[in-house]
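Take a look at the letters that make up each chain.
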Amino acid sequence: MATVLYITAHPLDPQSSYSLAVGKEFIEAYREANPKDEVVHLDLYKENIPQFDADVLRGWENLRSGSSFDQLTDAEKSKVARLEAVVDQFVAADKYVYVSPMWNFMIPPVLKAYTDATSIPGKTSRYTENGPEGLLNGKKVLHIQASGSVYSEGPLAPLEMGYNYLNKVLQFYGIQSIEAIFVEGTALKSQEQAPAIKEKGCLTSHERRIRYCRFLGREKYSSKRS
Ligand SMILES: Cc1cc2nc3c(=O)[nH]c(=O)nc-3n(C[C@H](O)[C@H](O)[C@H](O)COP(=O)(O)O)c2cc1C
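Residues numbered from 1 in each chain as written. Predicted model: local features only at pLDDT ≥ 70, side-chain atom pairs only at ≥ 80, totals over all residues.

Looking up the protein in an unreviewed UniProt entry gives the name FMN dependent NADH:quinone oxidoreductase, with the organism given as Paenibacillus allorhizosphaerae. Among the UniProt annotations of the protein, the heading Subunit (unreviewed entry) holds the following wording: "Homodimer." (UniProt positions renumbered as here; feature names shortened; annotations may be inferred.)

Chemist: Help me understand the UniProt feature "binding site: FMN" (unreviewed entry) in the protein, please; the structure alone is not making it clear to me.
Modeler: Those places that UniProt annotates as "binding site: FMN" (unreviewed entry) correspond, in this numbering, to Ser17, Tyr18, Ser19, Met102, Trp103, Asn104 and Phe105. Relative to the helices and strands, Met102 is located in the loop between β3 (95-101) and α4 (109-118). Take Phe105: it is sitting in the loop between β3 and α4. Contact partners of Phe105, with chain neighbours within four places excluded, come to Leu159, Glu160, Met161 and Gly162. (Helix = DSSP H or I, 4+ residues; strand = E, 2+ residues; numbered from the N terminus. Contact = placed C-beta atoms within 7 Å.)

Chemist: Quick question: what am I supposed to make of α4 here?
Modeler: Each α-helix turn comprises 3.6 residues. Residues three or four places apart therefore point the same way. If you check which residues of α4 are buried, you get Val110, Leu111, Tyr114, Ala117 and Thr118. For α4, the angular spread of the buried residues around the axis is 115 degrees, confining them to a single face. The secondary structure elements touched by the buried residues of α4 are β1 (3-8), α3 (74-92) and β3. (Buried ≥ 20, exposed ≤ 12 C-beta atoms within 10 Å, placed from the backbone. Arc of directions from axis to C-beta.)

Chemist: Would you explain the sheet that holds β1 in this entry?
Modeler: For sheets, the rule is that strands pair by backbone hydrogen bonds, running either parallel or antiparallel. Strand order in the open sheet formed by five strands is β2-β1-β3-β6-β7, with parallel pairing between adjacent strands. Either end of the sheet is taken by a strand with one partner, and the two such strands are β2 (38-43) and β7 (177-183). Direction aside, the axes of adjacent strands within the sheet are offset by 15 degrees on average. Pairing analysis gives five bridges linking β1 to β3, with the strands arranged parallel. Each bridged residue has a counterpart across the sheet, and for Leu5 the counterpart in β3 is Tyr96. (Pairing = 2+ DSSP bridges. Axes fitted to C-alpha atoms, helices over the stretch in contact; angles between N-to-C directions.)

Chemist: What is the right way to look at the pairing of β3 in this model?
Modeler: Within a regular strand, the side chains alternate between the two sheet faces. In terms of burial, β3 is largely enclosed, as seven of its seven residues are buried. The alternating pattern of β3 places Lys95, Val97, Val99 and Pro101 on one face and Tyr96, Tyr98 and Ser100 on the opposite face, and all of these are buried. Two elements, β3 and strand β6 (residues 140-146), share seven bridges in a ladder whose sense is parallel. Among the inter-strand pairings, Tyr96 is bridged to a residue of β6, identified as Val141.

Chemist: Could you clarify how one ought to interpret the pairing of β6 in this entry?
Modeler: Extensive coverage of β6 is indicated by the burial of seven of its seven residues. Of the strand pairs in this sheet, β6 and β7 are connected by seven bridges, and their pairing is parallel. When the bridges of β7 are listed, His143 appears paired with Ala180. Regarding topology, helix α5 (residues 163-172) serves as the crossover connection from β6 to the parallel β7, and that connection is right-handed. (Right-handed = clockwise from strand over helix to strand, strands pointing away.)

Chemist: How should the packing of helix α2 (residues 54-64) against α3 be read in this particular structure?
Modeler: How two helices sit against one another is set out by the angle between their axes and by the gap between those axes. Following both chains from N to C, one finds α2 and α3 inclined at 85 degrees, their axes separated by 8 Å at the closest point. Between α2 and α3, the angle is such that the two are roughly perpendicular. Together, Asp55, Val56, Arg58, Gly59 and Trp60 of α2 and Ala75, Glu76, Lys79, Val80 and Leu83 of α3 make up the contact between the two elements. When its residues are assigned to classes, the contact of α2 with α3 shows five nonpolar, one polar and four charged. (Parallel < 35°, antiparallel > 145°, perpendicular 65-115°, else oblique. Nonpolar A, V, L, I, M, F, W, Y, C, P; charged D, E, K, R; others polar.)

Chemist: What should I look at first to understand the nonpolar core in this one?
Modeler: A general trend in soluble globular proteins is that nonpolar side chains are found buried together. In this structure, Ile7, Val97 and Tyr98 are the most contacted members of the largest nonpolar core, which totals 44 residues. Listing elements by their share of this core, those giving two or more residues are β1, α1 (18-33), α3, β3, α4, β6, α5 and β7. Among the elements that line this core, the one with the most residues is α1, at nine residues. Apart from the residues within four sequence positions on either side, Val97 is in contact with Val4, Tyr6, Ile7, Gly23, Phe26, Ile27 and Leu142. (Core = buried A, V, L, I, M, F, W, Y, C linked by C-beta atoms within 7 Å.)

Printed below as a string of structure tokens:
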């Protein structure tokens, strides 16, 4: 049995969001194809993910300098302990499905905060005599990202820093199997274009869903809905 973290970084619901709609469709198909796997949904807008503020940095520094956990302030204790629980949950999982909208060419700040929380030396990577080394070899990732314009090709491609950022960080953790579903061009306003764009995103999702159920699961895809 594998544990899948379904990590959503969107304040709205699937009726109002392309990325969440595709994510929901995908994770339902995944559950159907892999009923024995445990899927844990982390809605980053509801989770407590401490930012790296003065309590966190001072708490860590105090621990590094030899203070015991009990000697930290209450704020330092709760944030440091929570951050440790977040990264431990991440490390314990086998597969990750990230869902995010593109905002200003990037992932939303809650996902950046979560990525900070999972980028902990000694947990997801370590420094050796030969340089940094990822500790999450063999894990798998799918990133579903919606964007108003098109970035997978064309003149805007160099501006894409959402998927590319996450991809580089996850590679730094040692994860090599990283796939993506891009739901692109959702902000193209033309009345005629809009339904086709949405359909393209969902059709692409449907086709890729089959592929990624195989990618994420052990069994071949089978679904009453396909
Ligand atoms: C705050 C904000 C910033 C955005 N920045 C970008 C951007 O940099 N590039 C882009 O192509 N679309 C941008 N968009 C449009 C969204 O990427 C687009 O609406 C996409 O469909 C969002 O995903 P969703 O449908 O899951 O909400 C932005 C939207 C918002 C609300």
